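The primary structure of each chain is shown beneath.
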Amino acid sequence: MNNKNGKYLTTGEFAKLCRVNKQTLFYYDQIGLFSPILKNEKGYRYYSIRQIELFFVIDLLKDIGMSLNDIQEYTQNKTPESFLSLMYRKKEEIVEKLQEIEAKKKIIDSKIALMEEASRLNFQQITLEQLPEVTLYLSRNIENITDEKFVEVVSDFINELSQSKLDTGYPIGVITKREQVLKGEFTNYSYLYMEQPHPKEGYPYFKSVKGDFLIGYHIGDEKTIHKTYKRLFSEMERLNLTLGDFVFEEYIYDTVVMNHNEDYVTKIMIQVIK
């Protein structure tokens, strides 16, 4: 359809140009969000080519999560100033989302690297290794606390990791002090921790001491972990090693990759002194 001001587009033509189906245009017209510039006496709808840019902006705003109600509110009160304000606001939101996506990518990269490393380990082997200083983010102290309090601390710790963006994708580990280990209280942990390969400023971190560690792997749940500690102590005695200040434990395989707890694998890192 032509007129002296230019060509009008049918619903089908406009839908094709905008890469949507006609039902979308019918719905937008029905709710008053985006209507044809002309409807003739037979009920046919016609759009102007000048409306394409507005449709693209509506489509953009919808794609980045803005509700149709909010978009409609903007379209009914359009000004250059309100458009510029809206674009700046949405840009900030997108930048924030990109940062969140990048953080999630780093978490996934960490989990891939750890799982690939785990696939190359010999879980029957006990090794003496020198480990570098590592920065850890700790929970509140959890020694000798009740099960109910333990759940509370774990919940608080996970919330802290999330809210402070300190979840690095590394496993949540536990620290046991020397005195608990000597008493055979292998599950009387002192702290939960998560490794921080790129520490942020302003947080109270714990620096694990660079030094020698006897490393072994426990297969199964914590009920039988004393058997693995017995093996590790025998190896310490054979190598004439003394127990250091801390023992660190991390799951290698847990509920994420195993269905049965008898298949779980825990990495035990005992700080030792030659």
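Residues numbered from 1 in each chain as written. Predicted model: local features only at pLDDT ≥ 70, side-chain atom pairs only at ≥ 80, totals over all residues. Heavy atoms only, no water.

*Asks:* Please clarify how helix α2 (residues 22–30) should be interpreted in this entry.
*Replies:* Residue pairs three or four apart in sequence face the same way in an α-helix, which turns once every 3.6 residues. Inspection of α2 places Leu25, Tyr28 and Asp29 among the buried residues, and these make up the whole buried set. The arc that holds the buried residues of α2, viewed along the axis, is 100 degrees, so those residues lie on one side. Of the exposed residues in α2, those oriented more than 90 degrees away from the buried face are Gln23 and Gln30. Put simply, Asn21 is the residue that caps the front of α2, since its side-chain oxygen is 3.2 Å from the backbone nitrogen of Gln23. A positive backbone phi angle near 80 degrees is found at Gly32, which sits one or two residues after α2. (Buried < 20%, exposed > 50% of the residue type's maximum accessible area, 1.4 Å probe, protein only. Helix = DSSP H or I, 4+ residues; strand = E, 2+ residues; numbered from the N terminus. Arc of directions from axis to C-beta. Polar contact = N/O pair within 3.5 Å; in protein donor to acceptor, adjacent residues only side chain to side chain.)

*Asks:* Whenever I open this one, the packing of aromatic side chains confuses me. Can you help?
*Replies:* The way to describe two aromatic rings as a pair is by their centre distance and the angle between their planes. Evaluation of the coordinates by the stated rule reveals 22 aromatic pairs. A centroid spacing of 6.1 Å and a plane angle of 40 degrees characterise the contact between Tyr28 and Phe55, whose relative ring orientation is tilted. Note that Tyr28 is positioned in helix α2 and Phe55 in helix α3 (residues 52–63), a separation of 27 residues in sequence. Neither Tyr28 nor Phe55 differs from the other in exposure class; each is buried. Ring centres of Phe186 and Tyr229 lie 4.2 Å apart, and the angle between their planes is 5 degrees; this geometry places the pair in the stacked category. In this pair, Phe186 sits in the loop between α7 (178–182) and β8 (191–195) while Tyr229 sits in helix α8 (residues 225–238), placing the two residues 43 residues apart along the sequence. Among the residues examined, Phe186 registers a relative accessible area of 11% and is labelled buried. The buried category is assigned to Tyr229, whose relative accessible area is 0%. Aromatic ring contacts, followed pair by pair, group Phe14, Tyr27, Tyr28, Phe34, Tyr47 and Phe55 into a single cluster. (Phe/Tyr/Trp six-rings, centres within 6.5 Å; stacked < 30°, edge-to-face > 60°.)

*Asks:* What am I meant to see in the nonpolar core here?
*Replies:* Burial of nonpolar side chains together is a common tendency in soluble globular proteins. With 18 residues, the main nonpolar core has Phe14, Leu25, Phe34 and Phe55 as its most contacted residues. Sorting the residues of this core by element identifies α1 (11–18), α2, α3 and α4 (68–75) as the ones contributing at least two each. Tallying contributions element by element places α3 first for this core, with 5 residues. Residues contacting Phe14, with those up to four places away along its chain left out, are Leu9, Leu25, Phe34, Tyr47, Ser48, Gln51, Ile52 and Phe55. Leu131, Leu138, Ile175 and Met269 belong to the second largest nonpolar core, which has 17 residues in total. (Core = buried A, V, L, I, M, F, W, Y, C linked by side-chain atoms within 4.5 Å. Contact = heavy atoms within 4.5 Å.)

*Asks:* Is there a simple way to think about the packing of α1 against α2 in this case?
*Replies:* Relative placement of two packed helices is described by the angle separating their axes and the distance separating the axes. Relative orientation of the contacting elements α1 and α2 amounts to 105 degrees, with a least axis distance of 9 Å. By the angle class used here, α1 and α2 are roughly perpendicular. Where α1 approaches α2, its residues Thr11, Gly12, Phe14 and Ala15 are matched on the opposing element by Lys22, Leu25 and Phe26. Of the residues contributing to the contact of α1 with α2, the split by class is 4 nonpolar, 2 polar and 1 charged. (Axes fitted to C-alpha atoms, helices over the stretch in contact; angles between N-to-C directions. Parallel < 35°, antiparallel > 145°, perpendicular 65-115°, else oblique. Nonpolar A, V, L, I, M, F, W, Y, C, P; charged D, E, K, R; others polar.)

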